[in-house]
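Listed below, chain by chain, are the residues.
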Amino acid sequence: MTLLPANDTPQYAYETDPAAIYRQSFSIVRREADLSHIPDALHPTAVRLIHSCGMTDLPQDLTWSDDVLEAAQSAFAKGAPVFCDVEMVAHGIIKNRLPEGSEVICTLNDPSVHGLASELKTTRSAAAVELWRDRLDGAIVAIGNAPTALFHVLEVIAAGGPKPAVILGFPVGFVGAAESKDALAANPYSVPYLAVKGRRGGSAMAAAAVNALAAGLPEEG
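Residues numbered from 1 in each chain as written. Predicted model: local features only at pLDDT ≥ 70, side-chain atom pairs only at ≥ 80, totals over all residues. Heavy atoms only, no water.

Bringing the overall build of the protein chain into the picture now. Within the protein chain, the regular secondary structure consists of nine helices and eight strands. A compact globule built from 221 residues should have a C-alpha radius of gyration of about 17 Å, and the protein chain, at 19 Å, falls within 12% of that. Scored against the burial criterion, the 221 residues of the protein chain give a buried share of 49%. Within the protein chain, contacts between residues at least 6 apart in sequence are counted, and of these 64% link residues at least 24 apart. Charged side chains in the protein chain number 16 positive and 25 negative. The centres of these two groups are separated by 1 Å. (Helix = DSSP H or I, 4+ residues; strand = E, 2+ residues; numbered from the N terminus. Rg over C-alpha atoms; globule rule 2.2 N^0.38 Å. Buried < 20%, exposed > 50% of the residue type's maximum accessible area, 1.4 Å probe, protein only. Contact = heavy atoms within 4.5 Å. Lys, Arg positive; Asp, Glu negative; His and termini not counted. Charge placed at Lys NZ, Arg CZ, Asp CG, Glu CD.)

The next point concerns the sheet that holds strand S7 (residues 166–169). Taken in spatial order, the six strands line up as S3-S8-S7-S6-S4-S5 in an open sheet, and their pairing is mixed. The open sheet has two free edges, formed respectively by strand S3 (62–64) and strand S5 (104–106), since each of these has just one partner strand. With direction set aside, neighbouring strand axes in the sheet form an average angle of 15 degrees. As paired strands, strand S6 (residues 140–143) and S7 are joined by four bridges and run parallel to one another. Within S7, the position partnered with Val141 by the bridge is Ile167. Strand contacts of helix H3 (residues 68–77): S3, strand S4 (82–84), S6, S7 and strand S8 (193–196), with the helix running at about 115 degrees to S6, the strand carrying the most contacts. Of the strands in this sheet, S3, S7 and S8 are in contact with helix H8 (residues 177–185), which crosses S8 at around 150 degrees. (Pairing = 2+ DSSP bridges. Axes fitted to C-alpha atoms, helices over the stretch in contact; angles between N-to-C directions.)

Turning our attention to the UniProt feature "domain: Cobalamin biosynthesis precorrin-8X methylmutase CobH/CbiC" (unreviewed entry) in the protein chain. Per the UniProt record, "domain: Cobalamin biosynthesis precorrin-8X methylmutase CobH/CbiC" (unreviewed entry) is annotated on residues 21–214. The distance from the first to the last C-alpha atom of residues 21–214 is 21 Å, and the span holds 44% helix and 11% strand. (UniProt positions renumbered as here; feature names shortened; annotations may be inferred.)

One pass over the structure, following the stated rule, counts four salt bridges. Between Asp57 and Arg200 there is a salt bridge, with its nearest N and O atoms 3.0 Å apart. You can see Asp57 sitting in the loop between helix H2 (43–53) and S3 and its partner Arg200 sitting in the loop between S8 and helix H9 (203–215), a full 143 residues away along the chain. The residue Arg133 makes a salt bridge to Glu130 at a minimum N-O spacing of 2.8 Å. Beyond isolated ion pairs, a larger network of salt bridges with shared partners links Asp57, Asp61 and Arg200. (Salt bridge = Lys/Arg side-chain N within 4 Å of Asp/Glu carboxyl O.)

Under the defined criterion, the tally for this structure stands at two aromatic pairs. Arranged with centres 5.1 Å apart and planes meeting at 20 degrees, the rings of Phe83 and Trp132 form a pair that is stacked. Separated by 49 residues along the polypeptide, Phe83 in strand S4 and Trp132 in the loop between helix H6 (124–129) and S6 bring together distant segments of the chain. Of the two residues examined, Phe83 and Trp132, each falls in the buried class. (Phe/Tyr/Trp six-rings, centres within 6.5 Å; stacked < 30°, edge-to-face > 60°.)

The residue Lys121 is not glycine, and still its phi comes out positive at about 55 degrees. Structurally, the position occupied by Lys121 is in the loop between helix H5 (113–120) and H6. The phi torsion at Ser190 lies on the positive side, around 60 degrees, for a residue other than glycine. Looking at where Ser190 falls in the secondary structure, it is placed in the loop between H8 and S8.

Here we come to H3. Along H3, the positions that sit buried rather than exposed are Val68, Leu69, Ala71, Ala72, Ala75 and Phe76. End-on view of H3: buried residues confined to an arc of 165 degrees, all on one side of the axis. Facing away from the buried side of H3 by over 90 degrees, the exposed positions are Glu70 and Ala77. Where H3 is buried, its residues touch S3, S4, S6, S7, S8 and H9. Looking one or two places after H3, you find Gly79, whose phi comes out positive at around 75 degrees. (Arc of directions from axis to C-beta.)

The next thing to look at is the packing of H3 against H9. For the pair H3 and H9, the least separation of the axes is 9 Å and the interaxial angle reads 75 degrees. By the angle between their directions, the pair H3 and H9 is classed as roughly perpendicular. Across from Leu69, Ala72, Gln73 and Phe76 in H3, the residues of H9 making contact are Val210, Leu213 and Ala214. Class assignment of the residues belonging to the contact of H3 with H9 gives a composition of six nonpolar, one polar and no charged. (Parallel < 35°, antiparallel > 145°, perpendicular 65-115°, else oblique. Nonpolar A, V, L, I, M, F, W, Y, C, P; charged D, E, K, R; others polar.)

Okay, here's the thing in structure tokens:
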């Protein structure tokens with residue numbers, strides 16, 4: 001409701017307590033979303049994902065491997081790095097909620113990436129994955145934008161390269177997004193994963209998945 005005082009300066013009635021906003025948001029999500037087909041242990045992750053996009057029907061498109069939560073928590077406990085395809089994912093991760101030693105890395109703007117992309121005849125996002133190789137083994141990969149990056153991670157693994165501990169696949173768009181996530185879900189390399197099927201996705205979702213798998217929900221902290 002808007003109240004107009006004598007000086008005509010609008011005043012709005014709205015919640016200003018961050019903790020209360022979180023509590024109300026997550027309560028609404030749990031009330032409106034159908035999480036019945038999702039394992040209880042993954043409910044906090046699903047809630048975080050819905051909260052990041054405002055889509056309570058998102059759970060119907062979530063797909064995961066049975067070991068994704070255990071794999072992610074084990075990787076975080078070891079201080080594994082989190083590799084992100086774009087800066088938007090990296091900036092969306094709540095770093096002070098990550099276990100000590102977990103580094104968030106995005107190599108998209110590394111000076112060598114443009115040349116690598118030309119050499120490999122691919123996108124900068126995919127070429128940036130090449131710079132992950134030395135630390136990719138046992139790492140956490142969060143893709144929130146580029147299908148080519150997700151495809152290239154799978155290509156690296158298929159060629160006998162290092163295997164990450166878990167892949168969070170949330171590339172968004174109309175060209176290759178759905179297909180890259182289908183490839184992730186069908187991966188024969190036993191890489192634990194979490195993804196949203198179809199065209200939906202985005203950096204906010206990828207970051208939300210990392211935040212949830214690392215630290216659950218604020219209401220649980």
